[in-house]
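Now for the letters of each chain:
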Amino acid sequence: MSYLVSIGLLVLVAGWALSVYNRLRYMREQVAEAWAHWLKATRQRNAYVEDFAAAVSLVLPPGDMLPRSLRKLAQDSRLALAQATAGRHDSSSLRASHAERELRRVLRRFEPTLESLAAQPSNEHLQFLGTQVNLLLFHQNQYARVFNRLAADYNTALQDVSGRILAPVFGFDEASMLEQEKTANSPVTAPRGPSDPR
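Figured I'd write up the structure that's included with this text. (Residues numbered from 1 in each chain as written. Predicted model: local features only at pLDDT ≥ 70, side-chain atom pairs only at ≥ 80, totals over all residues. Heavy atoms only, no water.)

**With respect to the overall build of the protein chain**
Within the protein chain, the secondary structure is distributed over six helices and zero strands. Split into buried and exposed, the 198 residues of the protein chain put 39% on the buried side. For the protein chain, long-range pairs separated by at least 24 residues make up 80% of all intrachain contacts whose partners lie at least 6 apart in sequence. When the accessible area of the protein chain is evaluated, it comes to approximately 11,500 Å², of which 59% is carbon and sulfur surface. (Helix = DSSP H or I, 4+ residues; strand = E, 2+ residues; numbered from the N terminus. Buried < 20%, exposed > 50% of the residue type's maximum accessible area, 1.4 Å probe, protein only. Contact = heavy atoms within 4.5 Å. Areas by Shrake-Rupley, 256 points an atom, 1.4 Å probe, with all protein chains shown as cover.)

**Observations regarding the pattern of salt bridges**
Pairing between side chains becomes possible if they bear opposite charge and their charged atoms approach one another. The tally for this structure, following the rule as stated, stands at six salt bridges. Its salt-bridge partner being Asp160, residue Arg23 comes within 3.4 Å of it at the nearest N-O pair. Of the two residues, Arg23 is situated in helix α1 (residues 2–57) and Asp160 in the loop between α5 (124–159) and α6 (161–170); the sequence distance between them amounts to 137 residues. For Arg23, a relative accessible area of 33% corresponds to the partly exposed category. What you see here is one network of salt bridges that share partners, running through Arg45, Glu100 and Arg104. (Salt bridge = Lys/Arg side-chain N within 4 Å of Asp/Glu carboxyl O.)

**What to know about the nonpolar core**
Counting residues in hydrophobic clusters, the biggest one holds 25 residues, and the most contacted among them are Leu24, Trp35, Trp38, Phe147 and Tyr154. When contributions to this core are tallied by element, the ones reaching two or more residues are α1, α2 (65–83), α5 and α6. Among the elements that line this core, the one with the most residues is α1, at nine residues. Residues in contact with Tyr154, not counting those within four places in the same chain, are Leu24, Met27, Arg28, Val31, Phe172, Asp173, Glu174 and Ala175. Formed by 21 residues, the second largest nonpolar core is a distinct cluster that contains Ala53, Ala55, Leu103 and Leu129. (Core = buried A, V, L, I, M, F, W, Y, C linked by side-chain atoms within 4.5 Å.)

Shown next as structure tokens:
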């Protein structure tokens, strides 16, 4: 009789562990999918920033540092993202966050110059590129918001009783958050049309 009770308890524990594992795995997959959307928008943004920098260099005085700064920051972001892992606290994630902050800071710093250049009728291509950068910055922020919500739910699940017991056993780690813009304004130009996916 005690043997049957032991078997029954083992089945219950195994069923409980399996349900916890499946729930955490599903939540982790949602976090990974949200990261993939943010990553795609960021890579598209970087490509457009490099094109934007090339277009800006044609209308600014020779030797102006803005195009070079934009290109370097976009390249820094691309390299950091190639090494970063979704939601992990490591040096590559820190480099990616730093690259994002610096790129947005430079765009905000030169916002009046960029808006003035894009407003000129002869700079339609520059205006188009600025619009794409702006739209992708907006998409980035939207994807970051979704990622952070899912990551917060996942982290909360890891901290409940079952999560604390089984997460280390199954190798589930907490996810870090993405930084978001504190303002809805774009550092480039106002959006005027749909993005042109690459």
